[in-house]
Amino acid sequence: MKTKVGGFLWVLATTLFLATFARAAEVTAFDLVKEGNRYIGEQSKDRVVQIRSDKSVGGITPNIWYVVYYDETASLKAVEVKFGGGKMMDVKRPLRLLEPIRDRHLELNRKQLKVDSDDALKKALKEPILEKLTIKATSMKLENSDNGPVWKIKLWAAKLKQPTRDVDIGEIHLAAEDGKVVKLDVHIDRVD
């Protein structure tokens, strides 16, 4: 009897763990904006300046994200919430000295934010130039550009002669409003 109960508990614990892990993998950048609102002041809620990720590890979907909000009460006008696996890890006021020079301190136009991180990544990976490559990792950044908010997706692909190693092959930029590629800067010759 104890064996059946122990086995059942193990199956239940495993199922709960996998469900939690799957949920963390499903969290998108726009989901994190909503979650980040819980950790910042009222003056900054939904006033997103930038969303970016670290290089993904163990797959192509990034797991560490940073959401930067406009904060008029901060000396450098920003508050940043860091997430890992969909959970808040840290809140700080980042050093953003160069952003005002390049207009990267302005809020993203919420009406133009229609393509979330998961859709942007899928669209980028469907580009014909990537067809024969094995993409190993990505990093993503959503920020203002001259043409409105743009997803900048940096790609790493497996090397041909050493498939366990990856190499930076460039970036694909997509408009956050409609998902169209606005810049393709991919160098497939780097996988040699």
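Residues numbered from 1 in each chain as written. Predicted model: local features only at pLDDT ≥ 70, side-chain atom pairs only at ≥ 80, totals over all residues. Heavy atoms only, no water.

S.K.: I keep staring at the pattern of salt bridges and nothing clicks. Help me out?
M.R.: Pairs can form between side chains of opposite charge whenever their charged atoms are close. If you walk through the whole model with that rule in mind, you get ten salt bridges. Among the ionic pairs, glutamate 72 bridges to arginine 47, the shortest N-O distance being 3.2 Å. Note that glutamate 72 is positioned in the loop between β2 (64-70) and β3 (78-84) and arginine 47 in the loop between α2 (29-36) and β1 (48-53), a separation of 25 residues in sequence. Note that arginine 52 and glutamate 80 form a salt bridge whose closest N and O atoms lie 2.9 Å from each other. You can see arginine 52 sitting in strand β1 and its partner glutamate 80 sitting in strand β3, a full 28 residues away along the chain. Judged by its relative accessible area of 22%, arginine 52 is partly exposed. (Salt bridge = Lys/Arg side-chain N within 4 Å of Asp/Glu carboxyl O. Helix = DSSP H or I, 4+ residues; strand = E, 2+ residues; numbered from the N terminus. Buried < 20%, exposed > 50% of the residue type's maximum accessible area, 1.4 Å probe, protein only.)

S.K.: When you look at the side chain of serine 44 in this model, what are you seeing that I'm missing?
M.R.: Structurally, the position occupied by serine 44 is in the loop between α2 and β1. Since its relative accessible area comes to 1%, serine 44 is described here as buried.

S.K.: Just checking my understanding: could you explain α2 for this structure?
M.R.: The α-helix advances 3.6 residues per turn, and as a result positions three or four apart in sequence lie on the same side. Turning to α2, its buried residues number three or more, namely Ala29, Phe30, Leu32, Val33 and Gly36. The arc that holds every buried residue of α2, seen down its axis, measures 155 degrees, which confines them to one face. Looking at the buried positions of α2, the neighbouring elements they touch are β1, β2, β3, α3 (117-125), β5 (135-145) and β6 (148-158). (Arc of directions from axis to C-beta. Contact = heavy atoms within 4.5 Å.)

S.K.: Sorry if this is basic, but what is going on with the sheet that holds strand β7 (residues 166-175) here?
M.R.: Sheets are built from strands that pair by backbone hydrogen bonding, the pairs being arranged parallel or antiparallel. Pairing is antiparallel across the open sheet formed by eight strands, whose spatial order is β4-β3-β2-β1-β5-β6-β7-β8. On the outer flanks of this sheet lie β4 (87-92) and β8 (181-186), each paired with one strand and no other. Across the sheet, the mean angle separating the axes of adjacent strands is 15 degrees when strand polarity is ignored. In this sheet, β8 lies alongside β7 in antiparallel orientation, the contact comprising five bridges. Considered in β8, the bridge of leucine 174 is made with valine 181. (Pairing = 2+ DSSP bridges. Axes fitted to C-alpha atoms, helices over the stretch in contact; angles between N-to-C directions.)

S.K.: Explanation requested: the packing of aromatic side chains in the structure shown.
M.R.: Each aromatic ring pair is characterised by the separation of its centres together with the angle its planes make. Scanning the entire structure with this criterion turns up two aromatic pairs. Ring geometry for phenylalanine 30 against tryptophan 151: centres 6.5 Å apart, planes inclined by 35 degrees, an arrangement best described as tilted. Of this pair, phenylalanine 30 sits in helix α2 while tryptophan 151 sits in strand β6; the two residues are 121 residues apart in sequence, bridging distant segments of the chain. The positively charged end of arginine 52 is found above the aromatic ring belonging to tyrosine 66, 4.5 Å away from the centroid. (Phe/Tyr/Trp six-rings, centres within 6.5 Å; stacked < 30°, edge-to-face > 60°. Lys NZ or Arg CZ within 6 Å of the ring centre and 35° of its normal.)

S.K.: Sorry if this is basic, but what is going on with unusual backbone geometry here?
M.R.: Glycine aside, negative phi is the norm for most residues, and most peptide bonds take the trans geometry. Unlike most non-glycine residues, aspartate 46 shows phi in positive territory, near 65 degrees. In this structure, aspartate 46 sits in the loop between α2 and β1. Although it is not a glycine, lysine 77 sits at a positive phi angle of roughly 60 degrees. When you line up the elements, lysine 77 lands in the loop between β2 and β3.

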